[in-house]
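# Observations on the three-dimensional arrangement
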Amino acid sequence: MERMRRARNAVLVFYYGFTACGAVFRLRQDASLYNILLVAAAIALPLAPYAIYRICRLRPVLLLEIVFDGFALAAVPFASLLGGYDLVPYWDKILHFLSGFLFAALGTAVYFTCKPGHRRERADAWNASLYTWMFSLMSATVWEIWEYAVSLTGADPQQVASTGVGDTMQDMIVCAIGGLITACSCWKYLRHLGEGSRTGLMMRLFEAYYRENIGRKR
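Residues numbered from 1 in each chain as written. Predicted model: local features only at pLDDT ≥ 70, side-chain atom pairs only at ≥ 80, totals over all residues. Heavy atoms only, no water.

Tallied over the full model, the rule gives eight salt bridges. Of the charged contacts, one joins R8 and D69 as a salt bridge, the two residues approaching to 2.2 Å between their closest N and O atoms. Highlighted residues: R8 in helix α1 (residues 2-29) and D69 in helix α4 (residues 62-81), separated in sequence by 61 residues. Residue R8 shares its accessibility class with D69, and that shared class is buried. The partner of E207 in a salt bridge is R120, with the nearest N and O atoms 3.8 Å apart. Linking E207 in helix α10 (residues 201-214) with R120 in the loop between α6 (91-114) and α7 (125-151), this pair joins segments that are 87 residues apart in sequence. (Salt bridge = Lys/Arg side-chain N within 4 Å of Asp/Glu carboxyl O. Helix = DSSP H or I, 4+ residues; strand = E, 2+ residues; numbered from the N terminus. Buried < 20%, exposed > 50% of the residue type's maximum accessible area, 1.4 Å probe, protein only.)

This is how it looks when you write it as structure tokens:
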């Protein structure tokens, strides 16, 4: 646990150092309200897990925080502040692909949180994996609705002006693929529960959350 805590603190220090550089770079180019809000979002994102812990009365999950900070770093400080979308081809699609994994893992946690008794059983393999994938698909839809709402302010995150609906559909498709891969991992994990089979990163995230917040309720 102490080793994981040190790793989480190191990631956090790197995150804010990188974000400071990105903020200076972006605001020196254009100190518009939109860019100021991006900087504010980048600063606030690592605090989101703590807010969720308090609101939902959950125990901290350090591995989840590290993975979340890594994704947030790639999505806002690098992509939006330092222009990663232009530096790395298809970076937007890569991020949506990775978000499919993250939201699918969250879907697995929600499934067992809501399940009466909260027990992990082999019989859950099909239902849990299907729920996991559907949760990922839902997240892709909600995100695109959010981007559309943002576009009403004058920004164009969906690139409607240049691509029409193509960009939106590609984002949802790659997120769905990421979610499907995690759903398959969930199915395999539950079908071989207790057999000591290898567990992927997303199911490790789920196990860490289950151990700290769901298993204790049984």
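Centre distance and the angle of the planes are the two values used to describe a pair of aromatic rings. One pass over the full model with this rule turns up 12 aromatic pairs. Aromatic side chains Y50 and Y53 sit 6.3 Å apart centroid to centroid with 90° between the ring planes, which places their arrangement in the edge-to-face category. Taken together, the residues span about one helical turn, with Y50 and Y53 both in helix α3 (residues 48-56) at a distance of three residues. Connected via pairs of aromatic rings, a cluster forms that spans Y111, F112, Y131, F135, Y189, F206 and Y210. The ring of Y210 has R120 sitting right over it, with the charged end atom 4.2 Å from the ring centre. (Phe/Tyr/Trp six-rings, centres within 6.5 Å; stacked < 30°, edge-to-face > 60°. Lys NZ or Arg CZ within 6 Å of the ring centre and 35° of its normal.)

For any two helices packed against each other, the geometry comes down to the angle between their axes and how far apart the axes lie. Two elements in contact, helix α2 (residues 33-44) and α4, have axes whose closest approach is 9 Å; the angle formed by their N-to-C orientations is 150°. In terms of axis orientation, α2 runs roughly antiparallel to α4. Read as a crossing pair, α2 and α4 show a hand that is left-handed. Taking contact as the criterion, the partners of L38, V39 and A42 in α2 are, on α4, V76, P77, S80 and L81. A per-class count over the contact of α2 with α4 returns six nonpolar, one polar and no charged. (Axes fitted to C-alpha atoms, helices over the stretch in contact; angles between N-to-C directions. Parallel < 35°, antiparallel > 145°, perpendicular 65-115°, else oblique. Left-handed = near helix turned anticlockwise from the far one by under 90°. Contact = heavy atoms within 4.5 Å. Nonpolar A, V, L, I, M, F, W, Y, C, P; charged D, E, K, R; others polar.)

Empty space within the second largest pocket amounts to approximately 280 Å³. Lining the second largest pocket are 13 residues, and of these M1, L62, L63, A208 and R211 sit closest to its centre. Mapped by element, the contributors of at least two residues to the lining of the second largest pocket are α1, α4 and α10. Residue classes in the lining of the second largest pocket are distributed as seven nonpolar, no polar and six charged. (1 Å grid on protein atoms, 1.4 Å probe; cavity = no way out; pocket = protein on both sides within 12 Å on 5 of 7 lines; lining within 4 Å. Points joined across faces, edges and corners; volume = space filled by probe spheres on them.)

Turning to its location among the elements, E212 is positioned in helix α10. Here R59 takes part through its side chain, which lies 2.8 Å from a polar atom of the side chain of E212. Discounting chain neighbours no more than four positions away, the residues touching E212 are M1, R59, P60 and V61. (Polar contact = N/O pair within 3.5 Å; in protein donor to acceptor, adjacent residues only side chain to side chain.)

Another aspect to go through is the environment of I177. With respect to the secondary-structure elements, I177 resides in helix α9 (residues 166-191). Assessed through its relative accessible area of 41%, I177 is described here as partly exposed. Residues I177 and W146 lie 31 residues apart in sequence; the distance between their C-alpha atoms is 20 Å.

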